[in-house]
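# Structural overview for review
Single-letter residue listing:
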Amino acid sequence: MKPVHFAGLALWRGGVILAVGYVAFLGLRMVLSITDAQLEFAVAVLLTGVVLVFLSVVGERIDDARAERSERE
């Protein structure tokens, strides 16, 4: 893959992630607007942690699948 294609793909994915994250943040603020700021912050940190753990597991599984495929070939 050419560096220009990689940069374009990275920027595109980054923009999508940023937009989805912002919409999720606004939705969370609307849902938790009746609570205090500490609870809102705690829920945001909790959800961020869950998403990062999920992405880590998915990435690890993808790496394992690639390693298994290369061993078979």
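Residues numbered from 1 in each chain as written. Predicted model: local features only at pLDDT ≥ 70, side-chain atom pairs only at ≥ 80, totals over all residues. Heavy atoms only, no water.

What the chain contains, in helices and strands, is 2 helices and 0 strands. For the chain, the C-alpha atoms occupy an extent of roughly 55 × 30 × 15 Å along the three principal directions. Per-residue burial for the chain yields a buried fraction of 4% across its 73 residues. Accessible area of the chain: about 6,600 Å², with a carbon and sulfur share of 72%. Distance from the positive charge centre (7 side chains) to the negative charge centre (8 side chains) of the chain: 10 Å. (Helix = DSSP H or I, 4+ residues; strand = E, 2+ residues; numbered from the N terminus. Buried < 20%, exposed > 50% of the residue type's maximum accessible area, 1.4 Å probe, protein only. Areas by Shrake-Rupley, 256 points an atom, 1.4 Å probe, with all protein chains shown as cover. Lys, Arg positive; Asp, Glu negative; His and termini not counted. Charge placed at Lys NZ, Arg CZ, Asp CG, Glu CD.)

Our focus in this paragraph is the pattern of salt bridges. A side chain of one charge can pair with a side chain of the opposite charge when the charged atoms of the two come close. Under the criterion given, the structure shown has 1 salt bridge. Of the charged contacts, one joins E68 and R61 as a salt bridge, the two residues approaching to 3.8 Å between their closest N and O atoms. Here R61 falls in the partly exposed class, since its relative accessible area comes to 45%. (Salt bridge = Lys/Arg side-chain N within 4 Å of Asp/Glu carboxyl O.)

Turning our eyes to something else, we now look at a nonpolar patch on the surface. Together, M1, F6, L9, W12, V16 and V20 give the surface a local cluster of nonpolar side chains, amounting to about 690 Å² of exposed area. Inspection of the secondary structure assignment puts L9 in helix α1 (residues 3-31). For L9, a relative accessible area of 31% puts it in the partly exposed group. (Patch = residues over 30% accessible without salt bridge, like charges linked within 9 Å, V, L, I, M, F, W, Y side chains within 5 Å.)

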